[in-house]
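# Results of the structural survey
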Amino acid sequence: MGPNRLQRMRRAWPRLPAPRGSRVAFRGRIRWFPSSFHAAAAAGHPGIAAARRTKLPQATGETFSMCIPPPNVTGSLHIGHALTVAIQDALVRWHRMCGDQVLWVPGSDHAGIATQAVVEKQLWKEQGVRRHELSREDFLREVWKWKEEKGGEICEQLQALGASLDWDRECFTMDAGSSVAVTEAFVRLYEAGLLYRNQQLVNWSCALRSAISDIEVESRPLPGRTELRLPGCPIPVSFGLLVSVAFPVDGEPDTEIIVGTTRPETLPGDVAVAVHPDDSRYTHLHGRQLRHPLTGQLLPLVTDSAVQPHMGTGAVKVTPAHSLADAELGARHGLSPLSVIAEDGTMTSLCGDWLQGLHRFVAREKIMSALRERGVFRGLQNHPMVLPICSRSGDVVEYLLKSQWFVRCREMGDRAAQAVESGALELSPSFHQKNWQHWFSHIGDWCISRQLWWGHQIPAYLVVEEQTKGDREDCWVVGRTEAEARKIASELTGRPAAELTLQRDPDVLDTWFSSALFPFAALGWPQETPDLTRFYPLSLLETGSDLLFFWVGRMVMLGTQLTGQLPFSKVLLHSMVRDRQGRKMSKSLGNVLDPRDIISGVELQVLQEKLRDGNLDSTELAIAAAAQRKDFPHGIPECGTDALRFTLCSHGALGGDLHLSVSEVLSSRHFCNKIWNSLRFILNALGEKFVPQPAEELSPSSPMDAWILSRLAHTARECGRGFLAQELSLVTHALHHFWLHNLCDVYLEAVKPVLLHSPRPQGPPQVLFSCADIGLRLLAPLMPFLAEELWQRLPPRPGGSSAPSISVAPYPTACSLEHWHQPELEQRFSRVQEAVQALRALRAMYQLTKARPRVLLQSSEPEEQGLFEAFLEPLGTLGHCGAVGFLPPGVLAPSGWAQAPLNDTIQVYMELQGLVDPQTHLSLLAARRHKLQKQLDGLMAWTPSERETETKRQQRLSSLELELSKLDKAASHLRQLMDACPNPREL
């Protein structure tokens, strides 16, 4: 916040008393808007942190522990992370104020692929050096250097968001404790027979030259021919095309089988053609051999029930080394795979000299030309398809046969599925349970090898020039240290340990492996076995993806296997944050927002500079920059932390995607201002000598006092219900309604004239204090900065030991305020509020801006008159009217008074005589009526095309007709007024 804004705030509240130094010992300038020094202290100040660990007066003996889903260390948090933090921190603060012992573990993920890519780009940009020009040790030093310089940004963002984390427990998935846990987990899984090394097909990124996980494979649907530019490929590549190729039948020159393929570059790797055994078109060819269209080699025609005879020609080429489905089919028929694409995406020597070394998509074009030259090309057509794209590099994913380490997941997956089915593990919302069961019922073995340098190096060692007995495969041993591995190798081979040469696997473990162990390592495993019975990790669920199951699912699998217990008993899953247009946040779209830019505000120029400092290519940069200029032409205004947190929590986090706009956050900032100004009024009303009564002793002295205290008790009940259900939108709605619509709009306005009475009544100040004290404590988990700043300024209750911070003050409960709850009174006052709205509508209709007209109420039911008698003064105050009285039943209304029905039994009359000029006002009403009639006529003539639009049209028609009816009635009253008084007096 700049000094000018701070000065404006101080001028706006010149009489605001200073915070009580006896209750808090923090120093600094007042900055509640983005980060109050009181709230920052409440979140992380050593004194408050110590107070959080001591036994609070309201201590329950319960524990609540949680870890933050570790964000990637590669950069900054985005709004999706901010949603996670806002929800988690609100829950943590609520549990802490309720008296639970709370642990919230912070940390970050080393993000193997992403971090290595960032550092490689930086080295090339700044030093002109490629990774492989450095030793592994030198490169890792560069990564750690980058981490120390750039990795702290996440912590700064978390602190700006007010996250009250236990910072002394901060973890990083590459720190010493995590390394011990990862090594121990690998060894135990291997010893349990759940981890093995084998040659299998893996998702391979040629750009990264590494295996990648399923979650890093983006399935991109293509409607047909689509041209893409790919990293490392010198030419644009067309996808979404089906190439038809003829495989001649050996011995029958005029007979051929036509096969369709979207990947002609894999033709050199074909080892067979398959058809369905019941496909009558090919029955006569069973057992025959075909000629390869490129090499002329003989290939078997095999029959397999997995082939779909109604797809294309019903014949498919079999490439076991580059297709998951073909690998399974090839294994069933004993077909040997041919690997024709190398790790770097070039063609291998098995393809022949004419293709070897070419980029696979350059080779594609050469193969297409060869097919035409050989006369076996049979056509090319558009073909909708799904293309696997590496989300890390943007390259097309290849499926390559690689010797890797795999985790057997079936047994552990069954236990994870059973945990949800038995109720031992609860997923919230419950509709995720079906996806959970489906995912684990189809889970395959997990490839955990990554061909990177940054990460946990696999604790497995190759015994060089040694073979196990009766097996010609490589001999691998696993150990916590090289010494342990050497001892195991000696026992395995029967040779002295000193004579053996061990070579450690250069690969590292999948980042998800260490992430799945994060909560265990953070709580001391394997040195200690943590109690995780009250552990609640919160996951960002990306709709339509397996992110939930990659992290939470793997935590459950490894947790139950390694510790014998579930890592938690509940998982709370929230929505994905999208922009206001419903698009997923993406750097290439320019809609990824740093929460700090919303908190403190940022100019468009700065947003554009951040894009240029990123890693986008020139095309992506141009698109993202244009999107920013469109979405934020004037930059982003300062909104404040509390406003951002409140907005994020106000959405139904357990429902569909969250579409966030900066205008929503601005609205919450205005709500913050409303609370600020209401406390200014309350503190001025209390005065310097005010002494609060204990809440349990406060008894309302008027119906209005009783009403606001009842609303306060109701709000506490709703907040408790929302927190218990972990549906924070219920909490935000209740608090917004109380502060804005109950306290500010009604009670504060109604009590202003009461405070001017002489002698001044004692009840309202006590009620105002309780509303402020309890209302701020209810608000504190969601708006910690504003709540702390204002609560510290309230006078202390006598005789009690005040909490040093609102963050450890007792959270108000419905039970403690039950004696104030009067639902019948609230119901009666709702009738009064209806009358207030009717009076305000009449004032607006007749444009009574300054005058305070008299009002009469007429009811045919005596008990209804009694209902209003208790609220006559606030009715006049809130309706901006003069004296309010009653007109006896059956008595005609005075001449020159406007009338409005509240219901079938109550009429409201407002004095107009002498307060309006009928002639002038009639012309104004006529102009308004003409405008509305024109809108009505246009709407009547318009024919909507959709049912939903027709519903909205009917609603608008009804609204316009009602407004026209009111105008006609008002005009009738004015004409009656003219007849009664031809020359009215103007005021």
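Residues numbered from 1 in each chain as written. Predicted model: local features only at pLDDT ≥ 70, side-chain atom pairs only at ≥ 80, totals over all residues. Heavy atoms only, no water.

## Looking at the environment of Ala111
With respect to the secondary-structure elements, Ala111 resides in the loop between β3 (107-108) and α6 (112-127). Separated by 401 residues in sequence, Ala111 and Trp512 have C-alpha atoms that sit 8.8 Å apart. What Ala111 contacts, discounting residues up to four positions off in sequence, is Asn72, Val73, Thr74, Gln116, Trp454 and Thr511. (Helix = DSSP H or I, 4+ residues; strand = E, 2+ residues; numbered from the N terminus. Contact = heavy atoms within 4.5 Å.)

## Digging into helix α10 (residues 324-332)
All buried positions along α10 are accounted for by Asp326, Leu329 and Gly330. Looking straight down α10, one finds that the buried residues subtend no more than 100 degrees of arc, so they occupy a single side. Every exposed residue of α10 that faces more than 90 degrees away from the buried side is listed here: Glu328 and Ala331. If you check the start of α10, you find a side-chain oxygen 3.2 Å away from the backbone N of Asp326, and it comes from Ser323. (Buried < 20%, exposed > 50% of the residue type's maximum accessible area, 1.4 Å probe, protein only. Arc of directions from axis to C-beta. Polar contact = N/O pair within 3.5 Å; in protein donor to acceptor, adjacent residues only side chain to side chain.)

## As for unusual backbone geometry
Cis geometry is adopted by the peptide bond preceding Pro526, which originates at Trp525 and carries an omega value of 10 degrees. For Pro526, the location among the structural elements is in the loop between α16 (518-522) and β26 (538-540). Residues Ser758 and Pro759 are joined by a peptide bond in cis, for which omega reads 0 degrees. Here the phi dihedral of His880 falls at roughly 55 degrees; this positive angle occurs in a residue that is not glycine. Take His880: it is sitting in the loop between α29 (872-878) and β31 (884-886). For His880, a relative accessible area of 32% puts it in the partly exposed group.

## Brief notes about the confidence of the model for the protein chain
Interpreting fine coordinate detail is not advised for predicted regions of low pLDDT. Here the protein chain shows a mean pLDDT of 85. Residues at 70 or above account for 87%. Within the model, the stretch residues 1-47 combines pLDDT values under 50 with 105 contacts to residues more than four positions away or in other chains. Contacts for the low-pLDDT stretch residues 538-545, under 50 throughout, to residues beyond four places or in other chains number 32 contacts. (pLDDT = per-residue confidence, 0-100.)

## Considering the sheet that holds strand β20 (residues 446-447)
To summarise the sheet geometry, strands pair through backbone hydrogen bonds and adopt either a parallel or an antiparallel arrangement. In space, the four strands of this open sheet follow the order β6-β5-β18-β20, with antiparallel pairing throughout. Taken across any chain shown, the strands that pair with only one partner, and hence form the sheet edges, are β6 (210-211) and β20. (Pairing = 2+ DSSP bridges.)

## Some words on the sheet that holds strand β16 (residues 377-382)
Strand order across the open sheet formed by three strands is β11-β10-β16, with antiparallel pairing between neighbours. For this open sheet the edge positions go to β11 (256-261) and β16, each flanked by a neighbour on one side alone. Taking each pair of neighbouring strands and ignoring which way they run, the sheet shows an average axis angle of 20 degrees. Against the sheet, helix α11 (residues 360-374) touches β10 (241-248) and β16, its axis set at about 135 degrees to β16. (Axes fitted to C-alpha atoms, helices over the stretch in contact; angles between N-to-C directions.)

## Let's talk about the packing of aromatic side chains
Summed over the entire model, instances satisfying the criterion amount to 19 aromatic pairs. Taken together, a centroid distance of 5.9 Å and an interplanar angle of 75 degrees make the contact between Trp144 and Phe172 edge-to-face. Taken together, the positions of Trp144 in helix α7 (residues 136-150) and Phe172 in strand β4 (residues 171-172) put the pair 28 residues apart, joining distant regions of the chain. Residue classification places Trp144 among the partly exposed positions, given a relative accessible area of 31%. The buried category is assigned to Phe172, whose relative accessible area is 7%. Aromatic rings pair up to connect Phe186, Tyr190, Trp405 and Trp476 into one cluster. (Phe/Tyr/Trp six-rings, centres within 6.5 Å; stacked < 30°, edge-to-face > 60°.)

## Quick notes on helix α30 (residues 918-941)
In a regular helix each residue adds 1.5 Å, so 24 residues correspond to 34 Å; α30 covers 34 Å between its end C-alpha atoms and thus fits that length. Taken as a whole, α30 has its buried residues at Pro918, His921, Leu922, Leu925, Leu932, Leu936 and Leu939. (Expected span 1.5 Å × (residues − 1).)

## Thoughts on the pattern of salt bridges
The full count for this structure, using the stated rule, is 41 salt bridges. Of the charged contacts, one joins Arg392 and Glu216 as a salt bridge, the two residues approaching to 3.6 Å between their closest N and O atoms. In this pair, Arg392 sits in the loop between β17 (385-390) and β18 (398-407) while Glu216 sits in the loop between β6 and β7 (217-222), placing the two residues 176 residues apart along the sequence. Overall, the relative accessible area of 38% leaves Arg392 in the partly exposed class. Overall, Glu216 belongs to the buried group, its relative accessible area being 7%. Ionic pairing is found between Arg332 and Asp304, a salt bridge with its closest N-O pair at 3.0 Å. Of this pair, Arg332 sits in helix α10 while Asp304 sits in the loop between β14 (298-303) and β15 (315-318); the two residues are 28 residues apart in sequence, bridging distant segments of the chain. Assessed through its relative accessible area of 48%, Arg332 is described here as partly exposed. For Asp304, a relative accessible area of 5% puts it in the buried group. Salt bridges here are not isolated pairs; linked through shared partners, they connect Glu153, Glu156, Asp594, Arg596, Asp597 and Lys610. (Salt bridge = Lys/Arg side-chain N within 4 Å of Asp/Glu carboxyl O.)

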